[in-house]
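# Examination of the molecular architecture
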Amino acid sequence: LQNVRIDPNSISFSMWKDIPVPFYMSVHFFEVLNPKEVLKGAKPVLNQRGPYVYREFRYKTNITFHDNDTVSFLEYRKLFFQPHLSNGSEEEYVVVPNILMMGAAVMMEKLPDFVKFILSGALAGLKQEAFMNRTVGEIMWGYEDPLIDTINTLVPGLIPFKGKFGLFVELNNSNSGLFTVNTGMKNISKVHMVDTWNGLKKVNYWRSSGCNMINGTSGEMWPPFMSPTSLEFYSPDACRSMTLVYEQSGRFKGVPTYRFVAPKTLFANGTDYPPNEGFCPCMQSGIQNVSTCRMNAPMFISHPHFYNADPALVKAVEGLHPNKEQHGLFLDVHPMTGIPMNCSIKLQLNLYIKRVPGILQTGKIKPVVLPLLWFAESGSIEGSVLKQFYTSLVLIPSLLEYLQYIFLGLSVPLIISAAVLMARSQRATPEKSPGHPTTSSTARPASETTPLLHDADTLSQDDAKA
(Lines give C-alpha, C1' and ligand atoms only; values in the text may rest on other atoms or scores of the structure.)
Protein backbone atom coordinates (compact mmCIF):
# COMPACT_ATOMS: atom_id res chain seq x y z
CA LEU A 1 0.00 0.00 0.00
CA GLN A 2 2.90 2.36 0.66
CA ASN A 3 3.91 2.10 -2.99
CA VAL A 4 0.38 2.69 -4.28
CA ARG A 5 0.27 6.16 -2.74
CA ILE A 6 1.63 9.15 -4.64
CA ASP A 7 4.66 9.77 -2.45
CA PRO A 8 8.03 11.17 -3.64
CA ASN A 9 9.74 8.80 -1.19
CA SER A 10 8.11 5.65 -2.62
CA ILE A 11 9.83 3.41 -5.16
CA SER A 12 6.87 3.74 -7.51
CA PHE A 13 6.91 7.57 -7.69
CA SER A 14 9.28 7.67 -10.65
CA MET A 15 7.04 5.21 -12.49
CA TRP A 16 4.02 7.42 -11.83
CA LYS A 17 5.91 10.52 -12.95
CA ASP A 18 7.36 9.05 -16.15
CA ILE A 19 5.20 6.12 -17.15
CA PRO A 20 7.50 3.27 -18.26
CA VAL A 21 4.72 1.37 -20.03
CA PRO A 22 5.07 1.55 -23.83
CA PHE A 23 1.91 3.10 -25.29
CA TYR A 24 1.01 3.01 -28.96
CA MET A 25 -1.62 4.95 -30.85
CA SER A 26 -2.94 3.22 -33.96
CA VAL A 27 -4.96 5.34 -36.38
CA HIS A 28 -7.28 4.02 -39.10
CA PHE A 29 -8.67 6.39 -41.75
CA PHE A 30 -11.91 5.95 -43.66
CA GLU A 31 -11.31 6.80 -47.31
CA VAL A 32 -14.38 7.88 -49.32
CA LEU A 33 -14.32 5.87 -52.57
CA ASN A 34 -17.22 7.65 -54.32
CA PRO A 35 -17.03 11.38 -53.47
CA LYS A 36 -18.67 12.54 -56.73
CA GLU A 37 -21.62 10.19 -56.22
CA VAL A 38 -22.05 11.33 -52.62
CA LEU A 39 -22.39 14.91 -53.89
CA LYS A 40 -25.29 13.70 -56.00
CA GLY A 41 -27.02 12.05 -53.02
CA ALA A 42 -25.53 8.54 -53.07
CA LYS A 43 -24.58 6.51 -50.02
CA PRO A 44 -20.89 6.94 -49.05
CA VAL A 45 -18.69 3.92 -49.72
CA LEU A 46 -15.80 3.70 -47.27
CA ASN A 47 -12.50 1.85 -47.26
CA GLN A 48 -10.48 1.54 -44.05
CA ARG A 49 -6.80 2.50 -44.38
CA GLY A 50 -3.96 1.88 -41.98
CA PRO A 51 -3.12 1.40 -39.23
CA TYR A 52 -0.69 4.29 -38.92
CA VAL A 53 1.09 3.56 -35.65
CA TYR A 54 2.74 6.04 -33.28
CA ARG A 55 4.86 5.38 -30.21
CA GLU A 56 3.46 7.46 -27.37
CA PHE A 57 5.56 8.78 -24.50
CA ARG A 58 3.85 10.25 -21.43
CA TYR A 59 5.48 12.27 -18.70
CA LYS A 60 4.33 14.63 -15.94
CA THR A 61 5.58 18.14 -15.22
CA ASN A 62 4.63 21.00 -12.86
CA ILE A 63 4.14 18.46 -10.06
CA THR A 64 2.98 20.36 -6.98
CA PHE A 65 1.95 18.80 -3.66
CA HIS A 66 -0.70 20.58 -1.58
CA ASP A 67 -1.58 20.53 2.13
CA ASN A 68 -5.00 18.92 1.54
CA ASP A 69 -3.56 15.54 0.51
CA THR A 70 -3.62 16.35 -3.23
CA VAL A 71 -1.07 16.82 -6.00
CA SER A 72 -1.36 18.80 -9.24
CA PHE A 73 0.38 17.98 -12.50
CA LEU A 74 0.39 18.45 -16.26
CA GLU A 75 0.80 15.30 -18.34
CA TYR A 76 2.33 15.66 -21.78
CA ARG A 77 2.23 13.29 -24.73
CA LYS A 78 4.80 12.95 -27.48
CA LEU A 79 4.05 10.85 -30.55
CA PHE A 80 6.58 9.34 -32.96
CA PHE A 81 5.61 7.59 -36.17
CA GLN A 82 6.57 3.90 -36.36
CA PRO A 83 6.93 2.89 -40.03
CA HIS A 84 7.77 -0.75 -39.23
CA LEU A 85 4.51 -1.19 -37.33
CA SER A 86 2.35 0.72 -39.80
CA ASN A 87 0.52 -0.32 -42.94
CA GLY A 88 1.41 2.74 -44.97
CA SER A 89 3.25 6.04 -44.55
CA GLU A 90 2.26 9.54 -43.48
CA GLU A 91 2.86 10.69 -47.07
CA GLU A 92 0.01 8.58 -48.44
CA TYR A 93 -2.99 10.46 -49.82
CA VAL A 94 -6.50 9.80 -48.55
CA VAL A 95 -9.82 11.17 -49.85
CA VAL A 96 -11.89 12.44 -46.91
CA PRO A 97 -14.51 15.17 -46.40
CA ASN A 98 -13.22 18.72 -46.40
CA ILE A 99 -13.64 18.82 -42.63
CA LEU A 100 -13.18 22.55 -42.24
CA MET A 101 -15.49 23.53 -45.09
CA MET A 102 -18.25 20.98 -44.46
CA GLY A 103 -18.17 21.65 -40.73
CA ALA A 104 -18.41 25.41 -41.27
CA ALA A 105 -21.28 24.92 -43.76
CA VAL A 106 -23.39 23.04 -41.19
CA MET A 107 -22.51 25.60 -38.51
CA MET A 108 -23.69 28.43 -40.82
CA GLU A 109 -26.93 26.74 -41.86
CA LYS A 110 -29.13 29.13 -39.86
CA LEU A 111 -27.31 32.32 -40.89
CA PRO A 112 -28.94 34.74 -43.35
CA ASP A 113 -28.92 33.58 -46.98
CA PHE A 114 -26.79 36.49 -48.20
CA VAL A 115 -23.99 35.51 -45.77
CA LYS A 116 -24.08 31.94 -47.07
CA PHE A 117 -24.00 33.10 -50.69
CA ILE A 118 -20.98 35.30 -49.93
CA LEU A 119 -19.24 32.35 -48.29
CA SER A 120 -20.15 30.10 -51.23
CA GLY A 121 -18.57 32.59 -53.62
CA ALA A 122 -15.46 32.80 -51.46
CA LEU A 123 -15.23 29.00 -51.40
CA ALA A 124 -15.43 28.91 -55.19
CA GLY A 125 -12.65 31.50 -55.44
CA LEU A 126 -10.49 29.39 -53.13
CA LYS A 127 -11.34 26.26 -55.15
CA GLN A 128 -12.77 24.56 -52.06
CA GLU A 129 -14.75 21.38 -52.59
CA ALA A 130 -16.78 19.06 -50.34
CA PHE A 131 -14.05 16.40 -50.39
CA MET A 132 -10.28 16.77 -50.32
CA ASN A 133 -7.32 14.58 -51.16
CA ARG A 134 -4.59 15.12 -48.56
CA THR A 135 -1.82 13.14 -46.92
CA VAL A 136 -2.24 11.29 -43.65
CA GLY A 137 0.31 13.59 -42.04
CA GLU A 138 -1.56 16.72 -43.15
CA ILE A 139 -4.93 15.51 -41.89
CA MET A 140 -3.46 14.56 -38.52
CA TRP A 141 -0.87 17.24 -37.80
CA GLY A 142 -2.22 20.15 -39.78
CA TYR A 143 -2.06 22.00 -43.08
CA GLU A 144 -2.22 25.64 -44.13
CA ASP A 145 -5.63 26.57 -45.48
CA PRO A 146 -6.61 30.09 -46.64
CA LEU A 147 -10.19 29.14 -45.77
CA ILE A 148 -9.39 29.73 -42.09
CA ASP A 149 -8.68 33.42 -42.63
CA THR A 150 -11.66 33.77 -45.00
CA ILE A 151 -14.11 32.32 -42.47
CA ASN A 152 -12.64 34.41 -39.65
CA THR A 153 -13.12 37.51 -41.81
CA LEU A 154 -16.69 36.74 -42.88
CA VAL A 155 -17.93 35.26 -39.59
CA PRO A 156 -15.60 36.34 -36.76
CA GLY A 157 -15.42 33.82 -33.94
CA LEU A 158 -16.95 30.94 -35.90
CA ILE A 159 -13.68 28.99 -35.78
CA PRO A 160 -11.62 30.46 -32.91
CA PHE A 161 -8.15 29.46 -34.11
CA LYS A 162 -5.54 30.50 -36.64
CA GLY A 163 -2.74 28.82 -38.49
CA LYS A 164 -2.80 25.15 -39.35
CA PHE A 165 -5.84 22.91 -39.14
CA GLY A 166 -5.47 19.22 -38.26
CA LEU A 167 -7.43 16.67 -36.26
CA PHE A 168 -4.52 15.94 -33.90
CA VAL A 169 -2.63 19.22 -34.18
CA GLU A 170 -3.18 19.93 -30.46
CA LEU A 171 -2.42 16.40 -29.30
CA ASN A 172 1.32 16.10 -29.93
CA ASN A 173 3.65 17.83 -27.45
CA SER A 174 0.66 19.11 -25.52
CA ASN A 175 -0.96 18.40 -22.16
CA SER A 176 -4.45 17.23 -21.30
CA GLY A 177 -5.11 19.96 -18.73
CA LEU A 178 -4.14 20.54 -15.11
CA PHE A 179 -5.23 17.56 -13.01
CA THR A 180 -5.33 17.73 -9.22
CA VAL A 181 -5.72 14.28 -7.68
CA ASN A 182 -5.64 12.72 -4.21
CA THR A 183 -2.31 11.31 -3.07
CA GLY A 184 -3.83 8.69 -0.74
CA MET A 185 -1.40 9.59 2.06
CA LYS A 186 -4.22 10.03 4.56
CA ASN A 187 -6.95 7.96 2.90
CA ILE A 188 -5.77 5.19 0.58
CA SER A 189 -9.29 4.68 -0.78
CA LYS A 190 -9.11 8.11 -2.47
CA VAL A 191 -5.71 7.75 -4.13
CA HIS A 192 -5.68 8.94 -7.78
CA MET A 193 -9.26 10.25 -7.51
CA VAL A 194 -9.62 13.60 -9.30
CA ASP A 195 -10.17 16.62 -7.06
CA THR A 196 -10.24 19.20 -9.85
CA TRP A 197 -9.44 19.50 -13.57
CA ASN A 198 -8.20 22.92 -14.69
CA GLY A 199 -9.40 24.13 -11.30
CA LEU A 200 -12.94 22.91 -11.91
CA LYS A 201 -15.07 20.51 -9.87
CA LYS A 202 -17.47 20.34 -12.82
CA VAL A 203 -17.27 21.20 -16.51
CA ASN A 204 -19.90 23.32 -18.25
CA TYR A 205 -20.14 21.59 -21.61
CA TRP A 206 -23.39 19.75 -20.99
CA ARG A 207 -27.00 20.43 -20.04
CA SER A 208 -27.23 18.58 -16.71
CA SER A 209 -25.28 18.61 -13.47
CA GLY A 210 -24.75 14.85 -13.60
CA CYS A 211 -23.25 14.93 -17.08
CA ASN A 212 -20.95 17.81 -16.11
CA MET A 213 -19.51 16.02 -13.07
CA ILE A 214 -15.82 15.11 -12.99
CA ASN A 215 -15.79 11.58 -11.58
CA GLY A 216 -13.19 8.90 -10.96
CA THR A 217 -9.48 9.17 -11.70
CA SER A 218 -7.47 10.67 -14.55
CA GLY A 219 -7.53 7.28 -16.24
CA GLU A 220 -4.08 5.98 -15.29
CA MET A 221 -4.63 4.17 -11.99
CA TRP A 222 -7.42 3.49 -9.52
CA PRO A 223 -7.63 2.98 -5.73
CA PRO A 224 -6.58 -0.47 -4.47
CA PHE A 225 -8.89 -3.32 -3.44
CA MET A 226 -11.23 -2.84 -6.39
CA SER A 227 -14.61 -4.54 -6.46
CA PRO A 228 -15.89 -6.32 -9.59
CA THR A 229 -18.50 -3.66 -10.35
CA SER A 230 -17.36 -0.58 -12.27
CA LEU A 231 -14.66 2.08 -12.58
CA GLU A 232 -14.77 5.74 -13.58
CA PHE A 233 -12.36 8.24 -15.12
CA TYR A 234 -12.49 11.71 -16.62
CA SER A 235 -11.49 11.93 -20.29
CA PRO A 236 -10.50 15.41 -21.57
CA ASP A 237 -10.60 14.02 -25.12
CA ALA A 238 -14.28 13.08 -24.70
CA CYS A 239 -14.98 16.15 -22.51
CA ARG A 240 -16.78 13.97 -19.96
CA SER A 241 -16.50 11.31 -17.27
CA MET A 242 -16.83 7.74 -18.42
CA THR A 243 -17.95 4.63 -16.55
CA LEU A 244 -16.78 1.15 -17.53
CA VAL A 245 -18.37 -2.00 -16.14
CA TYR A 246 -16.87 -5.27 -14.93
CA GLU A 247 -17.00 -8.07 -17.49
CA GLN A 248 -14.84 -10.93 -16.21
CA SER A 249 -11.84 -12.00 -14.15
CA GLY A 250 -8.72 -13.22 -15.87
CA ARG A 251 -4.95 -13.18 -15.89
CA PHE A 252 -2.44 -11.12 -17.83
CA LYS A 253 0.87 -12.98 -18.06
CA GLY A 254 0.19 -14.62 -14.70
CA VAL A 255 -1.11 -11.52 -12.91
CA PRO A 256 -4.79 -11.67 -11.82
CA THR A 257 -6.96 -8.96 -13.39
CA TYR A 258 -10.49 -7.62 -13.63
CA ARG A 259 -11.61 -6.69 -17.15
CA PHE A 260 -13.75 -3.58 -17.51
CA VAL A 261 -15.54 -2.70 -20.75
CA ALA A 262 -17.86 0.01 -22.06
CA PRO A 263 -21.57 -0.61 -21.43
CA LYS A 264 -24.03 -0.17 -24.29
CA THR A 265 -25.37 2.87 -22.48
CA LEU A 266 -22.07 4.80 -22.70
CA PHE A 267 -23.05 6.66 -25.90
CA ALA A 268 -26.78 5.94 -25.79
CA ASN A 269 -29.12 8.84 -26.47
CA GLY A 270 -31.46 10.34 -23.89
CA THR A 271 -34.44 8.36 -25.13
CA ASP A 272 -32.79 4.97 -24.69
CA TYR A 273 -30.94 5.99 -21.51
CA PRO A 274 -32.44 9.03 -19.68
CA PRO A 275 -29.30 9.87 -17.62
CA ASN A 276 -27.61 10.76 -20.95
CA GLU A 277 -30.22 13.39 -21.77
CA GLY A 278 -27.77 16.02 -20.57
CA PHE A 279 -25.41 15.15 -23.45
CA CYS A 280 -28.08 16.02 -26.04
CA PRO A 281 -29.10 17.29 -28.58
CA CYS A 282 -28.88 13.67 -29.59
CA MET A 283 -29.30 11.65 -32.73
CA GLN A 284 -29.25 7.86 -32.82
CA SER A 285 -27.90 5.84 -29.90
CA GLY A 286 -24.24 4.97 -30.14
CA ILE A 287 -22.87 8.43 -30.99
CA GLN A 288 -22.27 11.44 -28.76
CA ASN A 289 -22.44 15.03 -29.91
CA VAL A 290 -19.22 16.79 -28.79
CA SER A 291 -19.82 20.04 -30.64
CA THR A 292 -20.13 21.98 -27.38
CA CYS A 293 -16.49 21.22 -26.53
CA ARG A 294 -15.18 21.21 -30.11
CA MET A 295 -15.78 24.80 -31.21
CA ASN A 296 -19.40 23.95 -32.08
CA ALA A 297 -18.28 21.86 -35.06
CA PRO A 298 -20.74 19.05 -35.91
CA MET A 299 -18.44 16.37 -34.51
CA PHE A 300 -19.53 13.09 -32.90
CA ILE A 301 -17.59 10.39 -31.07
CA SER A 302 -18.49 6.70 -31.03
CA HIS A 303 -17.01 3.26 -30.85
CA PRO A 304 -15.12 2.23 -34.01
CA HIS A 305 -17.32 1.13 -36.92
CA PHE A 306 -20.34 2.22 -34.84
CA TYR A 307 -19.95 -0.83 -32.60
CA ASN A 308 -22.81 -0.99 -30.05
CA ALA A 309 -24.64 1.76 -31.97
CA ASP A 310 -27.99 1.98 -33.72
CA PRO A 311 -27.82 -0.26 -36.83
CA ALA A 312 -29.17 2.66 -38.87
CA LEU A 313 -25.77 4.38 -38.52
CA VAL A 314 -23.98 1.36 -39.97
CA LYS A 315 -26.47 1.03 -42.82
CA ALA A 316 -26.16 4.71 -43.78
CA VAL A 317 -22.70 4.00 -45.25
CA GLU A 318 -20.99 1.01 -46.84
CA GLY A 319 -17.78 -0.57 -45.62
CA LEU A 320 -18.31 -0.84 -41.85
CA HIS A 321 -18.05 -4.17 -40.04
CA PRO A 322 -18.41 -3.67 -36.27
CA ASN A 323 -17.29 -6.44 -33.92
CA LYS A 324 -16.30 -6.64 -30.28
CA GLU A 325 -12.84 -8.14 -30.72
CA GLN A 326 -11.56 -5.37 -32.98
CA HIS A 327 -13.65 -2.40 -31.90
CA GLY A 328 -14.54 -2.86 -28.21
CA LEU A 329 -12.46 -1.00 -25.63
CA PHE A 330 -11.23 -2.68 -22.44
CA LEU A 331 -9.11 -2.21 -19.32
CA ASP A 332 -7.46 -5.14 -17.50
CA VAL A 333 -6.72 -3.92 -13.96
CA HIS A 334 -4.93 -5.64 -11.09
CA PRO A 335 -7.68 -5.38 -8.44
CA MET A 336 -5.43 -5.37 -5.37
CA THR A 337 -3.41 -2.32 -6.48
CA GLY A 338 -5.70 -0.64 -9.04
CA ILE A 339 -2.88 -0.64 -11.62
CA PRO A 340 -3.84 -1.37 -15.28
CA MET A 341 -1.91 -4.27 -16.71
CA ASN A 342 -3.27 -4.17 -20.25
CA CYS A 343 -5.59 -1.68 -21.95
CA SER A 344 -6.91 -0.52 -25.29
CA ILE A 345 -9.07 2.61 -25.42
CA LYS A 346 -10.74 3.04 -28.81
CA LEU A 347 -12.74 5.98 -30.16
CA GLN A 348 -14.02 7.05 -33.56
CA LEU A 349 -14.34 10.62 -34.84
CA ASN A 350 -17.34 11.35 -37.06
CA LEU A 351 -18.47 14.42 -39.00
CA TYR A 352 -22.12 15.23 -39.65
CA ILE A 353 -22.45 16.40 -43.27
CA LYS A 354 -25.47 17.42 -45.33
CA ARG A 355 -26.68 19.72 -48.10
CA VAL A 356 -26.82 23.29 -46.82
CA PRO A 357 -29.06 25.57 -48.93
CA GLY A 358 -27.13 28.57 -50.20
CA ILE A 359 -23.74 26.85 -50.11
CA LEU A 360 -23.41 25.28 -53.56
CA GLN A 361 -20.33 23.20 -52.64
CA THR A 362 -22.50 20.91 -50.48
CA GLY A 363 -24.36 19.69 -53.58
CA LYS A 364 -27.14 17.21 -52.82
CA ILE A 365 -25.40 15.40 -49.96
CA LYS A 366 -27.89 13.51 -47.86
CA PRO A 367 -27.61 13.95 -44.08
CA VAL A 368 -25.17 11.36 -42.72
CA VAL A 369 -22.84 10.91 -39.76
CA LEU A 370 -19.69 10.08 -41.70
CA PRO A 371 -16.78 8.27 -40.00
CA LEU A 372 -13.46 10.07 -40.47
CA LEU A 373 -11.06 7.87 -38.52
CA TRP A 374 -10.79 5.72 -35.43
CA PHE A 375 -7.85 5.30 -33.11
CA ALA A 376 -6.76 2.96 -30.34
CA GLU A 377 -4.44 3.93 -27.50
CA SER A 378 -3.01 0.66 -26.22
CA GLY A 379 -0.40 -0.31 -23.66
CA SER A 380 0.62 -3.17 -21.39
CA ILE A 381 3.12 -3.71 -18.62
CA GLU A 382 6.04 -5.78 -19.85
CA GLY A 383 9.75 -6.49 -19.40
CA SER A 384 11.46 -5.70 -16.09
CA VAL A 385 8.42 -3.78 -14.81
CA LEU A 386 6.21 -6.82 -15.35
CA LYS A 387 8.80 -9.08 -13.70
CA GLN A 388 9.01 -6.84 -10.65
CA PHE A 389 5.22 -6.57 -10.50
CA TYR A 390 4.77 -10.35 -10.79
CA THR A 391 7.43 -11.08 -8.16
CA SER A 392 6.10 -8.57 -5.61
CA LEU A 393 2.38 -9.06 -6.06
CA VAL A 394 1.98 -12.63 -7.26
CA LEU A 395 5.00 -14.80 -6.55
CA ILE A 396 5.84 -13.64 -3.00
CA PRO A 397 2.18 -13.63 -1.78
CA SER A 398 1.72 -17.12 -3.27
CA LEU A 399 4.90 -18.32 -1.57
CA LEU A 400 3.74 -16.92 1.76
CA GLU A 401 0.40 -18.65 1.32
CA TYR A 402 2.09 -21.98 0.60
CA LEU A 403 4.38 -21.53 3.61
CA GLN A 404 1.33 -20.88 5.74
CA TYR A 405 -0.11 -24.26 4.74
CA ILE A 406 3.27 -25.95 5.23
CA PHE A 407 3.59 -24.53 8.74
CA LEU A 408 0.03 -25.58 9.46
CA GLY A 409 0.79 -29.07 8.22
CA LEU A 410 3.89 -29.30 10.39
CA SER A 411 2.10 -28.00 13.47
CA VAL A 412 -0.59 -30.71 13.41
CA PRO A 413 1.76 -33.66 14.24
CA LEU A 414 3.51 -31.51 16.84
CA ILE A 415 0.18 -30.80 18.55
CA ILE A 416 -0.73 -34.51 18.43
CA SER A 417 2.67 -35.52 19.88
CA ALA A 418 2.32 -32.99 22.68
CA ALA A 419 -1.17 -34.27 23.50
CA VAL A 420 0.08 -37.91 23.64
CA LEU A 421 2.96 -36.98 25.94
CA MET A 422 0.62 -35.07 28.25
CA ALA A 423 -1.78 -38.00 28.44
CA ARG A 424 1.04 -40.41 29.32
CA SER A 425 2.32 -38.02 31.99
CA GLN A 426 -1.09 -37.83 33.63
CA ARG A 427 -1.36 -41.66 33.77
CA ALA A 428 2.06 -41.97 35.43
CA THR A 429 1.16 -39.53 38.27
CA PRO A 430 -0.01 -41.41 41.53
CA GLU A 431 -3.56 -40.80 42.61
CA LYS A 432 -2.31 -39.84 46.15
CA SER A 433 1.01 -38.31 47.00
CA PRO A 434 3.11 -39.98 49.85
CA GLY A 435 3.08 -38.37 53.38
CA HIS A 436 1.88 -38.92 56.96
CA PRO A 437 -0.58 -41.76 57.75
CA THR A 438 -4.11 -40.54 57.50
CA THR A 439 -6.91 -41.23 59.91
CA SER A 440 -10.47 -41.70 59.04
CA SER A 441 -11.84 -38.64 60.67
CA THR A 442 -14.57 -36.39 59.59
CA ALA A 443 -13.65 -32.76 59.35
CA ARG A 444 -15.78 -30.33 61.20
CA PRO A 445 -17.46 -27.91 58.98
CA ALA A 446 -16.39 -24.35 59.35
CA SER A 447 -18.82 -21.88 60.68
CA GLU A 448 -18.94 -18.17 61.31
CA THR A 449 -17.65 -18.82 64.89
CA THR A 450 -15.07 -21.48 64.03
CA PRO A 451 -11.77 -20.15 62.73
CA LEU A 452 -10.39 -21.82 59.57
CA LEU A 453 -6.86 -21.57 60.87
CA HIS A 454 -5.64 -22.51 64.34
CA ASP A 455 -2.50 -21.57 66.07
CA ALA A 456 -0.02 -24.26 67.10
CA ASP A 457 -1.11 -24.47 70.78
CA THR A 458 -4.74 -24.89 69.95
CA LEU A 459 -3.89 -27.59 67.40
CA SER A 460 -1.86 -29.58 70.03
CA GLN A 461 -4.68 -29.46 72.53
CA ASP A 462 -7.12 -30.78 70.08
CA ASP A 463 -4.79 -33.62 69.19
CA ALA A 464 -4.36 -34.52 72.88
CA LYS A 465 -8.09 -34.63 73.45
CA ALA A 466 -8.45 -36.90 70.52
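A quick note: this is a predicted structure, and the numbers were derived from the prediction, not measured.

Turning our attention to the overall build of the protein. From N to C terminus, the protein includes 11 helices and 15 strands. Here the protein holds 466 residues, and the buried ones make up 47% of them. Within the protein, residue pairs in contact and separated by at least 24 positions form 64% of the contacts whose partners lie at least 6 positions apart. A total accessible area of about 24900 Å² is found for the protein, and carbon and sulfur atoms account for 57% of it.

Next up on the list: the state of the cysteines. For the structure shown, the criterion picks out 2 disulfides. Ordinal numbering of bonded cysteines along the protein defines a disulfide pattern of 1-4, 2-3. Unpaired in this structure, C211 has its nearest cysteine sulfur neighbour in C280, at a distance of 8.4 Å.

Moving on, we get to the nonpolar core. Formed by 113 residues in total, the largest nonpolar core has its most connected members in M25, F29 and L231. Ignoring any residue separated from it by four or fewer positions in sequence, one finds M25 in contact with Y52, V53, Y54, E56, L79, M140, F168, L171, F375, A376 and E377.

Summarising the element assignment, G184 is placed in the loop between β6 (174–182) and β7 (194–197). Taking relative accessible area as the criterion, G184 reaches 0% and is therefore assigned buried. Between the alpha carbons of G184 and P223 there is a distance of 8.5 Å; along the sequence they are 39 residues apart. Ignoring any residue separated from it by four or fewer positions in sequence, one finds G184 in contact with R5, D69 and V191.

Its 13 residues place the ends of helix α4 (residues 113–125) 18 Å apart at the C-alpha level, agreeing with the 18 Å of an ideal helix rising 1.5 Å per residue. Just beyond α4, the residue with positive phi is K127, at close to 60 degrees.

Between α4 and helix α6 (residues 146–154), the shortest axis-to-axis distance is 11 Å and the interhelical angle comes to 160 degrees. Considering their axes alone, α4 and α6 lie roughly antiparallel with respect to each other. Both α4 and α6 take part in a crossing whose hand is right-handed. The residues of α6 that touch α4, namely those facing I118, L119, A122 and L123, are L147, T150, I151 and L154.

Taken as a whole and assessed by the stated rule, the structure comprises 16 salt bridges. One salt bridge connects R77 with D237, and the closest N-O pair in it is separated by 3.6 Å. Residue R77 is located in strand β3 (residues 70–81), and its partner D237 is located in the loop between β8 (230–235) and β9 (240–252); the two are separated by 160 residues in the primary sequence. Salt bridges linked by common partners bring E56, R58, R77, D237 and E377 together as one network.

Another point: unusual backbone geometry. G50 connects to P51 through a cis peptide bond whose omega is 10 degrees. Along the chain, P51 falls in strand β2 (residues 46–65). Residue P281 is bonded to the preceding C280 through a cis peptide linkage, with omega at 20 degrees. Backbone geometry at D69 places phi at a positive 65 degrees, although glycine is not the residue there.

What follows concerns a nonpolar patch on the surface. A grouping of F114, I118 and L154 is seen on the molecular surface, where their side chains present a nonpolar patch of about 290 Å² in accessible area. Residue placement: I118 occurs in helix α4. I118 gets classed as partly exposed once you look at its relative accessible area, which sits at 45%.

This model, assessed by the stated rule, comprises 19 aromatic pairs. Joined through ring pairs, the aromatic side chains of F13, W16, F65, F73 and F179 make up one cluster. The ring of F23 has R58 lying over it, and the distance from NZ or CZ to the ring centre is 4.3 Å. Lying across the ring of W16, K60 places its NZ or CZ 4.8 Å from the centre.

Burial within strand β13 (residues 330–334) is extensive, with 5 of its 5 residues counted as buried. The pairing of strand β10 (residues 255–261) with β13 spans 4 bridges and is antiparallel. Pairing of Y258 across the sheet is with V333, part of β13. Pairing of β13 with strand β14 (residues 339–353) involves 5 bridges; the strand directions are antiparallel.

Bringing the side chain of N342 into the picture now. With respect to the helices, strands and loops of the structure, N342 is situated in strand β14. For N342, a relative accessible area of 17% corresponds to the buried category. Not counting the four nearest positions on each side in its chain, N342 is found in contact with F252, F330, L331, D332, G379 and S380.

Along the chain, the position of P44 falls in the loop between α2 (35–39) and β2. Residue contacts for P44: discarding those within four places in its chain leaves N34, V38, A316, V317, E318, V368 and L370.

The next thing to look at is the confidence of the model for the protein. With 82% of its residues at a pLDDT of 70 or more, the protein has an overall mean of 85. Counting interchain partners and residues more than four positions distant, the pLDDT-below-50 stretch residues 399–403 has 0 contacts. In this model residues 432–466 is a low-confidence stretch, pLDDT under 50, and it forms 2 contacts with partners more than four residues away in sequence or in other chains.

Here is what the cut-offs are and how they apply
- Residues numbered from 1 in each chain as written.
- Predicted model: local features only at pLDDT ≥ 70, side-chain atom pairs only at ≥ 80, totals over all residues.
- Heavy atoms only, no water.
- Helix = DSSP H or I, 4+ residues; strand = E, 2+ residues; numbered from the N terminus.
- Buried < 20%, exposed > 50% of the residue type's maximum accessible area, 1.4 Å probe, protein only.
- Contact = heavy atoms within 4.5 Å.
- Areas by Shrake-Rupley, 256 points an atom, 1.4 Å probe, with all protein chains shown as cover.
- Disulfide = S-S within 2.5 Å.
- Core = buried A, V, L, I, M, F, W, Y, C linked by side-chain atoms within 4.5 Å.
- Expected span 1.5 Å × (residues − 1).
- Axes fitted to C-alpha atoms, helices over the stretch in contact; angles between N-to-C directions.
- Parallel < 35°, antiparallel > 145°, perpendicular 65-115°, else oblique.
- Left-handed = near helix turned anticlockwise from the far one by under 90°.
- Salt bridge = Lys/Arg side-chain N within 4 Å of Asp/Glu carboxyl O.
- Patch = residues over 30% accessible without salt bridge, like charges linked within 9 Å, V, L, I, M, F, W, Y side chains within 5 Å.
- Phe/Tyr/Trp six-rings, centres within 6.5 Å; stacked < 30°, edge-to-face > 60°.
- Lys NZ or Arg CZ within 6 Å of the ring centre and 35° of its normal.
- Pairing = 2+ DSSP bridges.
- pLDDT = per-residue confidence, 0-100.

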